[in-house]
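The primary structure of each chain is shown beneath.
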Amino acid sequence: MTTAKTKPESDVVVEVRGLTVRYGSNTVLKHVDMTVHQGEIRVILGGSGSGKTTLFKGILGLTDVAAGHVAILGQKTQNLPEKQRDRLMQRIGVLFQNGALFGSLTVGENVALPLREHRRLPEGAIAELVRMKLAQVDLGHAENLYPSELSGGMRKRAGLARALALDPEILFCDEPSAGLDPLTSADLDRLILTLRDRLKMTVVIVTHELASIKAVADSLLMIGGGKVIAEGPMAKVRAQGIAAVDEFFARKARTVARQDTSVAELFGLKPAKGGA
Amino acid sequence: MTLTESPQSTAHARALVLAGVLDARGAPELAKRVRKRLPPKKSKLVLDLSAVTAIDSAGTATLVDVWRLGHARGFAVELAGVQPDVLKSLQEFRVTVTVPPPAALPGFFESLGATAWGAVNAVGGFLVLAADTTVGAVQSLFTPGRMRWAAYFRESSVMGSQALGIVGLITFLIGLTLAFQSAYQLRQFGAAIYVASLTAISMVREMGPLITAILVAGRSGSSITSEVATMKVGEEIDAMQVMGIPFVDYVAVPKMLAMVTMMPLLTIIADLLGILGGWIVGMVYLDIAPKPYLQKTIDALVTKDLVTGLFKSFVFAWGIALIGLYHGIGVRGGAQEVGKATTASVVSAIFFIIVADSIFSIIFYVVMA
């Protein structure tokens, strides 16, 4: 929405074409296309088992892809030489579902790790940067704690601080609000909005959390049964009147179209008066 | 629940009157009654529910079961006099009318092929990991700047010095037992002094490396697997991949190097303590003077024994580390898989140690004799 007026192709930061993923004989993703523009907050949504996490992993190259390709910031990620791939990966940040912090390192060391690995900075600057990133996610007090000493929400925020360590151009989040209470979840949403507005970051979020979708999403990609059901700006998708989308927003997400009937219907009974 | 045959039952339309609560306790009776005297084809079975006050999921499922039976045998099932509360339950529970047939089981050749293909993939994956880790370990020896020394020293401390107690105690007891058992036989021939040679040779050639390796497999091999598997389950390995931090350099190489350097050292300690155990038996039980016993021990050992023993322990260490890493990184799914992987890792590591030991015995003492 923020970038609707700009040139069509040049501002595409994530492009997925015909992505197909199979686990054994089970096709989890079928020819998925997705286009994410610079500066938008894209929400990938779907019920459990819809393939949204697989899409997330497919984009990041964490799962074997049977067909199709992914381009991030204009570079196709498959068969990219290791050096180039590393350089590309440094331009993105990833927040995994439970933070994926390294258990043997403190929170501060976790955030410092990408800086130490990829940037030649003096120790003092690293320490300063770590504190800045932790303050950004309200974790200034937790620098010397180990991940096992943190609550779920703190772990997630620490993971976010680590994902932001290298000032990425795109931030990927897997279920950022899963397992969080509504207040913490809303804080996280606000933080994501700030990142987009102040730092012009593009954000791709996988979630099924309705409140958080309504709060942050510019555009949606709804996925169900491994296929794209709808894609586009939030308002446009909602206006299309697609049954699955409407059901989802009516808090009735289902991964497959229902094929069952109620027992009452089975016996040909009429619904009770005033009933559903 | 009570169940009675309605007086209005005819041959063509049989009616059953149910009363009370149709739940898990009453439902079997209904199913049994219908099955015992199946209504004929094209007839009607009417279940009068007007006196049924409540129904639970088990009761509903039983009604569906009767309906399916009718569907299969060609008689219709009707419900009559359904009360509002019962109707609500019937509306709440949902069923799929067409149950998909179970997937066909793979045939003999298909499953044979799948097993073989799985095995080929597993061996392939293992070889790739083995090559990456071994090459990484050798490289990091020549480019010390790349090596994570802090991780190496931490791992070495856990695998090496912290294992000293248990390895030392067990091998000491093994040496002691070995000396006791052989003394019992050798004394009959007045050859008690040869307990020294026997203990020394069997400790240095076999028992030292073997027992140490088995203990280390149970202690450190398992912890490599559980640590790596936990990282895998917690998406830490995925995180490393997207952060451009190579798993092999960061995790695998320090563990592998710590293992292959600590194991020979532990083996030396094990050899010494085993010999010490035998020495104590010699002095206390066989009344052999300390000095002749030690002299006999030194005479019995040749350099080859020590070198082959240490070489074996080096290879065992390499195998234990790789097997541990391989089982850890192969974990899929949740936390319960970590335990399974750890067990599998220890079993295959011990299997590897014993098979490799037999092969080495043949090579060193038959082929190269």
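Anyway, here's the lowdown on the structure attached to this text.

### A word on the overall build of chain B
In step 1: Across its full length, chain B holds 12 helices and 5 strands.
In step 2: The C-alpha atoms of chain B give a radius of gyration of 35 Å, which is well past the 21 Å a tight globule of 369 residues would have.
In step 3: The principal-axis extents of the C-alpha atoms in chain B amount to approximately 110 × 60 × 40 Å.
In step 4: Across the 369 residues of chain B, 42% fall into the buried class.
In step 5: Looking at chain B alone, contacts between residues at least 24 apart form 82% of all its contacts between residues at least 6 apart.
In step 6: Taken as a whole, chain B presents about 18,500 Å² of accessible surface, with 69% of it coming from carbon and sulfur.
In step 7: Looking at chain B, you have 28 positive and 24 negative side-chain charges, and the mean spots of the two groups are 7 Å apart.

### Overview of empty space enclosed by the protein
All names here are of chain A.
In step 1: Summed over all chains, the structure comprises 2 cavities of 30 Å³ or more.
In step 2: Reported here for the largest cavity is a volume of approximately 130 Å³.
In step 3: Elements with a minimum of two residues in the lining of the largest cavity: β6 (92–95) and α5 (152–163).
In step 4: When its residues are assigned to classes, the lining of the largest cavity shows 9 nonpolar, 3 polar and 1 charged.

### Quick look at the nonpolar core
In step 1: Formed by 82 residues in total, the largest nonpolar core has its most connected members in L55, I59 and F172 of chain A.
In step 2: Ranked by residues supplied to this core, first place goes to helix α9 (residues 247–284) of chain B with 15 residues.
In step 3: With residues near it in sequence (within four places) discarded, L55 of chain A still touches V16, L19, L29, V32, M34, I44, L221 and I223 of chain A.

### Let's talk about the sheet that holds strand β1 (residues 2–5) of chain B
Within a beta sheet, neighbouring strands are joined by backbone hydrogen bonds and run either parallel or antiparallel to one another.
Residue and element names in this part refer to chain B.
In step 1: The 4 strands are arranged β1-β2-β3-β4 in an open sheet whose pairing can be described as mixed. Each edge of the open sheet carries a strand with a single partner, namely β1 and β4 (76–80). Ignoring strand direction, the axes of neighbouring strands in this sheet form an average angle of 20°.
In step 2: Of the pairings in the sheet, the one linking β1 to strand β2 (residues 13–22) comprises 4 bridges and is antiparallel in character. Bridging from a neighbouring strand, E5 pairs with L16 of β2.
In step 3: The sheet contacts of helix α2 (residues 57–73) involve β2, β3 (44–55) and β4, and relative to β3 the element is tilted by about 175°.

### A look at the interface of chain B and chain A
In step 1: With 30 residues of chain B at the interface, the matching set in chain A holds 34 residues.
In step 2: Together, the buried faces of chain B and chain A total about 2,900 Å²; carbon and sulfur atoms form 64% of this surface.
In step 3: When the area that chain B buries against chain A is broken down by residue, the three leading residues are R94, V242 and M243 of chain B, summing to 24%.
In step 4: The salt bridge partner of D238 of chain B is K57 of chain A, with a shortest N-O separation of 3.2 Å.
In step 5: The interface formed by chain B and chain A holds 7 residue pairs in polar contact (both at pLDDT 80 or more) in total.
In step 6: Sorting the residues of the side of chain B that touches chain A by element identifies α2, β4, α3 (84–92), β5 (94–95) and α8 (236–242) of chain B as the ones contributing at least two each.

### Quick notes on unusual backbone geometry
In step 1: Positive phi is not limited to glycine here, since A100 of chain A has a value of about 50°.
In step 2: If you trace the backbone, A100 of chain A turns up in the loop between β6 and α3 (107–118).
In step 3: We classify A100 of chain A as buried; its relative accessible area is 3%.
In step 4: Even without a glycine there, the phi angle at E235 of chain B is positive, about 60°.
In step 5: Given a relative accessible area of 11%, E235 of chain B falls into the buried group.

### A look at the packing of helix α4 (residues 108–142) of chain B against α9 of chain B
Residues and elements named next belong to chain B.
In step 1: Running from N to C, α4 and α9 point in directions that differ by 80°, and their axes come no closer than 9 Å. With respect to α9, the axis of α4 lies roughly perpendicular. Residues D132, T133, T134, G136, A137, S140 and L141 of α4 pack against V248, A252, V253, M256 and L257 of α9.
In step 2: In terms of residue class, the contact of α4 with α9 is made up of 7 nonpolar, 4 polar and 1 charged.

### Considering the side chain of S197 of chain B
Residues and elements named next belong to chain B.
In step 1: For S197, the position within the fold is in helix α7 (residues 194–233).
In step 2: Residue classification places S197 among the buried residues on the basis of a relative accessible area of 11%.
In step 3: S197 has contacts with K296 and A300, leaving out every residue within four places of it along the chain.

### Observations concerning the packing of aromatic side chains
In step 1: Per the stated rule, a full pass over the model turns up 11 aromatic pairs over all chains.
In step 2: Ring centres 5.3 Å apart and planes at 80° place the aromatic pair F126 of chain B and Y326 of chain B in the edge-to-face group. Of this pair, F126 of chain B sits in helix α4 while Y326 of chain B sits in helix α11 (residues 303–329); the two residues are 200 residues apart in sequence, bridging distant segments of the chain.
In step 3: On the basis of relative accessible area, F126 of chain B is assigned to the partly exposed category, the value being 24%.
In step 4: Each residue in the set F311, F360, F364 and Y365 of chain B is aromatic and connected to the rest through ring pairs, giving one cluster.
In step 5: Over the aromatic face of F102 of chain A sits the side chain of R162 of chain A, whose NZ or CZ is 4.8 Å from the ring centroid.
In step 6: If you follow R187 of chain B out to its NZ or CZ, it ends over the ring of Y285 of chain B, 4.7 Å from the centre.

Conventions we followed
- Residues numbered from 1 in each chain as written.
- Chains lettered and ligands numbered in written order.
- Predicted model: local features only at pLDDT ≥ 70, side-chain atom pairs only at ≥ 80, totals over all residues.
- Heavy atoms only, no water.
- Helix = DSSP H or I, 4+ residues; strand = E, 2+ residues; numbered from the N terminus.
- Rg over C-alpha atoms; globule rule 2.2 N^0.38 Å.
- Buried < 20%, exposed > 50% of the residue type's maximum accessible area, 1.4 Å probe, protein only.
- Contact = heavy atoms within 4.5 Å.
- Areas by Shrake-Rupley, 256 points an atom, 1.4 Å probe, with all protein chains shown as cover.
- Lys, Arg positive; Asp, Glu negative; His and termini not counted.
- Charge placed at Lys NZ, Arg CZ, Asp CG, Glu CD.
- 1 Å grid on protein atoms, 1.4 Å probe; cavity = no way out; pocket = protein on both sides within 12 Å on 5 of 7 lines; lining within 4 Å.
- Points joined across faces, edges and corners; volume = space filled by probe spheres on them.
- Nonpolar A, V, L, I, M, F, W, Y, C, P; charged D, E, K, R; others polar.
- Core = buried A, V, L, I, M, F, W, Y, C linked by side-chain atoms within 4.5 Å.
- Pairing = 2+ DSSP bridges.
- Axes fitted to C-alpha atoms, helices over the stretch in contact; angles between N-to-C directions.
- Buried area = accessible area lost by both parts, 1.4 Å probe.
- Salt bridge = Lys/Arg side-chain N within 4 Å of Asp/Glu carboxyl O.
- Polar contact = N/O pair within 3.5 Å; in protein donor to acceptor, adjacent residues only side chain to side chain.
- Parallel < 35°, antiparallel > 145°, perpendicular 65-115°, else oblique.
- Phe/Tyr/Trp six-rings, centres within 6.5 Å; stacked < 30°, edge-to-face > 60°.
- Lys NZ or Arg CZ within 6 Å of the ring centre and 35° of its normal.

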